[in-house]
Amino acid sequence: MAASDKAVPAGEQASSYWKAGVDIADAKAPAGPIEKKWQTRQFEAKLVNPANRRKLTVLIVGTGLAGGAAAATLGEAGYNVHTFCYQDSPRRAHSIAAQGGINAAKNYRNDNDSVYRLFYDTVKGGDYRARETNVYRLAEVSAKIIDQCVAQGVPFAREYGGLLDNRSFGGVQVQRTFYARGQTGQQLLIGAYQALERQVEAGTVHMHTRHEMVELIIVDGRARGIVTRNMVTGAVEPWLGDAVVLATGGYGNVFFLSTNAVGCNNTAAWRAHRKGAYFGNPCYTQIHPTCIPVHGETQSKLTLMSESLRNDGRIWVPKKAEDCAKDPRQIPEEDRDYYLERIYPAFGNLVPRDIASRQAKNMCDEGRGVGPAVAEKGPDGQIRHVRRGVYLDFAEVIGRLGKATVASRYGNLFDMYAQITGENPYETPMRIYPAVHYTMGGLWVDYDLMSSIPGLYVTGEANFSDHGANRLGASALMQGLSDGYFVLPNTVNDYLAAGPFSKIGPDTPAVAEAVDAAKGRIAKLLTIQGQRSVDSIHKELGQIMWEYCGMERTEQGLITAIGKIRALREEFWSNVKVTGKNDDFNQALERAGRLADFIDLGELMCVDALHRRESCGGHFRAESQTEDGEALRHDDEFCYVAAWEFGGDGGQPILHKEPLRYESIELKQRSYK
C-alpha cells in the first residue's frame, strides 16, 4: 500500500469517544521563506524596555534545562522571575539523566551536515508529523547552544587537536552529536544551574524548592499565576505574576515503569489542560530501544543505557531459539543474527528509536529473546514466562580499538550497567530491551511557545512542538536549551509588552477559587481511606497502558483499555488509601495527586491513539503497516496535529486539528534501508 491509500474507516463505537472541534492555525509563524521566518519573527515581536522589565513578573515551573535556562536568561534581561521545583535543588532535575549528547549543525566533521540537513533528519525522524516552522528554528538555533555551553565551561569531549568531538545518533548518517562522555545532561544542567544561581544571587530570580504546582490561576482569560503545595509543610498558596511558563518535562510515568525519575509527573500540564490549554498528540510516546530489561515486579523505574552505545555496539539475537539460554560468548558468529544491520543496511544499528524498538520486540515475539525468563501477564491475565532482551555487543570494537578507548567513551555507562546487573559488559554483551522514555506529545503551543491560554507558555518536553511522532536521539537537550536560552526570551517579550496587567491579589475571586479547588482536592484524597495503596493502582494503570497503548496498538485493544481505565478511576476515587495528613511531608499524598491526573491522561492517550487510524513513528497501529511490517501513514486523513480540548469531568474530549503543511520538505514514506 502507498502512504496515500485510505485508512480503514473507524467503527461507530470508536468515533463515539470524542467530539469534533475546529481547525486551528499556527498563527504566529510569519510568512516568507522558512530560513527567514525566525529572524522576521524576532524583528516583528514587540520589545520591553529595560526599565519596564523590572515591573513584570514571570513564574517558571520546572528548573531543568528548559526552565533553568529560561529563568537565567529572563533574570539576566531584568525581569522579576520566580522559579518552582518539587526537588530540593534544580540540580536534581531529570535533565541530568540525558546521557548521550546534544545535536548541533556545526559540520565539524566536514561530512556535509548543515542546518537544512538537521531540519530534514528531524522531520523525517518524526515521521512527518512535526511542524516545519518550529523544527527549522530548532536546527537554526542549535549551533548557538554549543557556543553558549562552551562559554559556561561545559566539558565537551575533544579530539587530540583540541576541537570538540562528535559522534552519531540514530536516524542520521552524519556525526553532529556533542557529548561529555556519558554525562552530557548532567554537565549541561550544571552549566544552566550556574547561570541560574548567578541570577538568584543578583536578586532577579527567586527560587522556591519543594513546591509542587497543583493548580493554574486564570484571570480575565489570561494565565496570571499558580497554586503550589509546599511539600514540607503542606501549605497551599497562590503565586501571581504577568505570565506563567511550564517547563515540567514529560509524562512517561503514566506507564508506571519508565526511564523517568520516579517523581516525574504531568500534574502541572494536566491542571493547565483542565483550564483550557489544548493537549497536542498525547499518544505519541517514545519507546527507547536501549534499556536494561525488567527483572521483576518490585522495580519502581527502568534504567536507560544511552543510545550513544549504538555507535560502537552491535545488536543481535541468536538465529535459533534453542541457543537463547546459552552464554552469548559460546554462540559462534555464523549463528548470530545482527538483525538491524541485515534489515536496514544503510543505517544499521543507528536506525531511529521507534524502528529499533519494534524490531527488538519482533525478535522476542519470534521466541529469540535472551536473558532470564521473566514472568509477565498476557492480555488474558494469565502468567507467562518470556525472555525479553537482545544483545548489545562490544567485542568487535574492543578488539579493534582496545578496551581503554571504549572506556574513555562510555566508561561510566559500563560501570552503571555492571552495578545494576552484576555483569561485566567489557566481557559479556549487554542485554537491552525497549522501555518507555520520552513523550513527544504535550501541551499545544504556537510558534511563540504560547499555549491556547494567553500568557501560558510551555517549553521543552512539556510541549508537543518539535519532534512529531518520534524523537531522534540527542534532540531532547537541544530542544530544552533552544527553548530556554534563545526562543522563549525572544517571544515572551511580545506578550509582556502589553503589561503589567491589572493588579490581582489573594482575594481576587479567580485566585481564591483556584486555591479552594486545590485544597478541596487534597482533602478529598485524604478522606477516602480505602484499602488499596497508591502504587498498586499506579502499577495496574501502567500494565493497561503498556499492554494496549504501548509498542503496538489496535482499535479493539484501545477500546478495551479505555473501559479498564474508567473502571480504575472509580476504584481510585473510592478505594485508595492515602496515609498521613496534609500539613506534613507526605509522599503518599504527592503520589496520589499525580496518579489521579495520570489516570485521566491515560484515557486521553488511548482516545488519541484510537482516533489516529494510521501508524507513524512511535504510534504503531497493527491495522496500518506495510507488507514488511513498517509503519504506514495515511497523509490524506491524518496529516495534522491533534489538539485536544478538555471536555469536562465525564465529558468527551474535543478534537481540534492543526493541519501540517510541508513546503520545504517532500512528504513521503519514511525509509532507512
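Residues numbered from 1 in each chain as written. Predicted model: local features only at pLDDT ≥ 70, side-chain atom pairs only at ≥ 80, totals over all residues. Heavy atoms only, no water.

(A) Highlighting the overall build of the protein chain. Helices and strands together make up the secondary structure of the protein chain, namely 18 helices and 22 strands. By the compact-globule yardstick of 26 Å for 673 residues, the protein chain fits well, its C-alpha radius of gyration being 24 Å. Viewed in the frame of its principal axes, the protein chain has a C-alpha envelope of about 75 × 60 × 50 Å. By residue count, 60% of the 673 residues in the protein chain fall in the buried class. Pairs at least 24 apart in sequence give 74% of the contacts found in the protein chain among residues at least 6 apart. (Helix = DSSP H or I, 4+ residues; strand = E, 2+ residues; numbered from the N terminus. Rg over C-alpha atoms; globule rule 2.2 N^0.38 Å. Buried < 20%, exposed > 50% of the residue type's maximum accessible area, 1.4 Å probe, protein only. Contact = heavy atoms within 4.5 Å.)

(B) Spatial organisation of the state of the cysteines. A complete count under the given rule lists zero disulfides for this structure. Free cysteine: C85, not disulfide-bonded; nearest cysteine sulfur from C264 at 12 Å. Given a relative accessible area of 3%, C85 falls into the buried group. In this structure C291 is not part of a disulfide, and its nearest cysteine sulfur, from C364, lies 13 Å away. Looking at C291, the relative accessible area reads 0%, which means it is buried. (Disulfide = S-S within 2.5 Å.)

(C) Summary view of the pairing of strand 9 (residues 236–240). Relative to strand 9, strand 8 (residues 222–230) runs antiparallel, the two sharing five bridges. Bridging across to strand 9, V227 finds its partner in P238. Where strand 8 folds back onto strand 9 in an antiparallel hairpin, the turn is made up of five residues, including G234, whose phi is positive at roughly 85°. (Pairing = 2+ DSSP bridges.)

(D) Up close: the domain arrangement of the protein chain. Taken domain by domain, the protein chain comprises domain 1 (289–436) and domain 2 (520–641). A straight line from the C-alpha centre of domain 1 to that of domain 2 covers 28 Å. Taken together, the contact between domain 1 and domain 2 spans 13 residues of the former and eleven residues of the latter. In this assembly, domain 1 packs against domain 2 so that about 970 Å² is buried in total across both faces, 53% of it on carbon and sulfur atoms. (Domains from an automatic or database assignment. Buried area = accessible area lost by both parts, 1.4 Å probe.)

(E) Inspection of the sheet that holds strand 9 at higher detail. The strand order across the open sheet built from three strands is 7-8-9, with neighbouring strands paired in antiparallel fashion. The open sheet terminates on both sides in strands that have one partner only, identified here as strand 7 (211–219) and strand 9. Strand-to-strand twist of the sheet, defined as the mean angle between neighbouring strand axes without regard to direction, takes the value 30°. Judged from the eight bridges that link them, strand 7 and strand 8 form a sheet pairing that is antiparallel. The residue of strand 8 that forms the bridge with H211 is N230. Helix 14 (residues 509–528) contacts strand 7, strand 8 and strand 9 of the sheet and is inclined by roughly 145° relative to strand 7. (Axes fitted to C-alpha atoms, helices over the stretch in contact; angles between N-to-C directions.)

(F) Representation of the packing of helix 8 (residues 267–274) against helix 17 (residues 587–611). Two numbers describe how helix 8 lies on helix 17: the axes approach to 9 Å, and their chain directions differ by 60°. Overall, the two elements helix 8 and helix 17 adopt an arrangement that is oblique. Crossing hand, helix 8 versus helix 17: left-handed. Residues T267, W270, R271, H273 and R274 of helix 8 form the contact with helix 17, whose own contacting residues are G593, R594, D597, D600, L601 and L604. A per-class count over the contact of helix 8 with helix 17 returns three nonpolar, three polar and five charged. (Parallel < 35°, antiparallel > 145°, perpendicular 65-115°, else oblique. Left-handed = near helix turned anticlockwise from the far one by under 90°. Nonpolar A, V, L, I, M, F, W, Y, C, P; charged D, E, K, R; others polar.)

(G) Focus on the side chain of H211. Mapped onto the fold, H211 is located in strand 7. A distance of 2.7 Å separates the side chain of H211 from the backbone oxygen of T209, its partner in a polar contact. Every residue in contact with H211, bar those within four places of it in the chain, is listed here: F84, C85, Y86, T228, R229, N230, M231, E237 and W239. (Polar contact = N/O pair within 3.5 Å; in protein donor to acceptor, adjacent residues only side chain to side chain.)

(H) Summary view of empty space enclosed by the protein. Under the definition given, this model contains three cavities of 30 Å³ or more. Volume-wise, the largest cavity comes out at about 160 Å³. Together, E212, V214, R229, T267, A518, R521, I522, L525, L589, E590, G593 and R594 line the largest cavity. If you list the elements that add at least two residues to the lining of the largest cavity, you get strand 7, helix 14 and helix 17. Partitioned by chemical class, the residues of the lining of the largest cavity number five nonpolar, two polar and five charged. Its volume calculated, the second largest cavity comes out at about 60 Å³. Around the second largest cavity, the lining residues are T285, I287, D354, S357, R358, G550, M551, G617, G618 and F620. Of all the elements, helix 10 (residues 353–365) adds the most residues to the lining of the second largest cavity, at three residues. Split by residue class, the lining of the second largest cavity holds three nonpolar, five polar and two charged. Each of domain 1 (289–436) and domain 2 (520–641) gives at least three residues to the lining of the second largest cavity. (1 Å grid on protein atoms, 1.4 Å probe; cavity = no way out; pocket = protein on both sides within 12 Å on 5 of 7 lines; lining within 4 Å. Points joined across faces, edges and corners; volume = space filled by probe spheres on them.)

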